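One letter stands for each residue in the lines below.
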Amino acid sequence: MGITARGIGLLVAALVMLGVGFRYAYPELTVLGAAAGVAVGYGVVNAAWRPRLSVARRADPDRVARGEPAAMELTVRNTGRLRAANLVAEDRCAGALVPVPLLRLRPGRDTVVRYDVPTHRRGVVPVGPLRVVRRDPLGLVALARGYGSTVPVWVHPRVHPLSAVPTGAGRSLDGRTDSVPHGSITFDSLREYVVGDELRRVHWRTSARVGELMVRENVDTSLPRLVVVLDNRASAHPGRVGGVAESFESACEAAASVVAAAVREDLPVQLLLVVPGEVEPEGAAGPLDRLAAVELADAGPDVLPAATGRLRRDRLGDTLVFLTGPGGRDELGHVGALRGAYPSVVVGMFGADGPTAAGATGLTVLDAADGAAFAAEWDGIRRW
């Protein structure tokens, strides 16, 4: 609750008139001071009354690519028995306030407001809560309350179409790795039979030896597995334009493009960050939501060697895509060392002022100005 400047002035005047009236026996000043005090008290009581409102909001849609249109539909209903008069309402959207007309909203009636949500920048745009200000008729006291919850609108990076995808990597027992077509099914292991397994998968010879039914587990060893690593270190993207690291935004678009292409081709893909977040973004559903919420993080010099060490140890896939900015150019040696663990290593370099040396045999470096240029160079890799 807050007393306006008019209310403060009237309250001070009331105290002065009451003091002078009692001190010098001026009944007229005493009456005026008491009336002014009563007016301020009435304003407090009037503003303290809480209108009964229900708020529902719907994002249309709640997930868009950067630059695509999105809108928020807000429905406010007066669930009380009295008319909610003299209300000023504003909805908070991405730090800005959107006016919502609620004057003379009758009981049982509702009002619907629809407005555009800004999507010119990647991120998670919080919308809400509704801020309702209750004022007394004289404008002496104003009380603001929040109604409804906050609804996020996920603004994903732009996705540029990729027509080429990696080929599979078939590994033989002697350690060799060869490019093979997709869809090669290979025996992997045996396990106990469970209800629902197909009888044609039963391995009868082993079942007779162990005395219980055993079934074959087959895997597609030639199915390419992609690992996309986004360098979200602030030191890797030093350039800022209007407070935004454009090289990082381009890297996010490239990551989204590779992930979308893999999902389209039904290929396993995993998105990792050099500086992993401590907590998964609330409400995130999939890698594109993670890319919408990811931000640059301050990191020490040991973060990248530790991240590449984990990648070398775990060997999460066949094709490693490392996306970084001009600040990471001098540290590509750590990425080049992963060539032994991953048959194919591709580096996307964004925002560099010149060509980047590969630095290691088999390391493919794509210098790109933005996500669209990266997509064009990606499709131009001959070995895909």
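The structure this text deals with has already been given above.
Now for a quick tour of the structure. Keep in mind that this is a model prediction, so the values were computed, not measured.

Criteria and thresholds
In this convention, every chain numbers its residues from 1, walking through the sequence in written order. In keeping with the predicted nature of the model, local features appear solely for residues at pLDDT of at least 70, side-chain atom pairs appear and are counted solely at 80 or more, and the whole-chain, interface and lining totals rest on all residues. Heavy atoms throughout the structure, all of them, feed into the side-chain values; hydrogens and water do not. In the sections that follow, a salt bridge refers to a side-chain nitrogen of Lys or Arg positioned within 4 Å of a carboxyl oxygen of Asp or Glu. Helical segments are the DSSP runs of H or I of at least four residues, strand segments are the runs of E of at least two, and each set is numbered from the N terminus. When accessible area is computed with a 1.4 Å probe and restricted to protein chains, residues below 20% of their type maximum are described as buried, those above 50% as exposed, and intermediate ones as partly exposed. DSSP calls a pair of strands paired once it identifies at least 2 bridges connecting them.

**Digging into the pattern of salt bridges**
And step 1. Enumeration according to the criterion identifies 19 salt bridges in this entry.
And step 2. Between R77 and D110 there is a salt bridge; the shortest N-O distance is 3.3 Å. Of the two residues, R77 is situated in strand β4 (residues 71-78) and D110 in strand β7 (residues 110-116); the sequence distance between them amounts to 33 residues.
And step 3. Residue class for R77 comes out partly exposed when judged on its relative accessible area of 35%.
And step 4. Since its relative accessible area comes to 39%, D110 is described here as partly exposed.
And step 5. Of the charged contacts in the structure, one is a salt bridge between R200 and E198, with a shortest N-O distance of 2.7 Å.
And step 6. Look at R200 and you get exposed, because its relative accessible area is 65%.
And step 7. For E198, a relative accessible area of 38% gives the class partly exposed.

**Quick notes on the environment of A251**
And step 1. The residue A251 is located in helix α4 (residues 246-264) in this model.
And step 2. Classification of A251 by relative accessible area gives buried; the value is 0%.
And step 3. In this structure the C-alpha to C-alpha distance between A251 and T324, which are 73 residues apart in sequence, comes to 6.6 Å.

**As for the pairing of strand β9 (residues 141-147)**
Side chains on a regular strand alternate between the two faces of the sheet.
And step 1. Here β9 lies mainly inside the structure; five of its seven residues are buried.
And step 2. Judged from the two bridges that link them, strand β1 (residues 2-3) and β9 form a sheet pairing that is antiparallel. What sits directly across from G2, in β9, is A142.
And step 3. Pairing of strand β8 (residues 123-135) with β9, which is carried by six bridges, proceeds in the antiparallel orientation. Residue pairing for β9: V132 is matched across the bridge by R145.
And step 4. Here β8 folds back onto β9 in antiparallel fashion, the turn holding five residues, of which G139 has a positive phi close to 70 degrees.

Remember that the coordinates give geometry; whether it matters functionally is a separate question.
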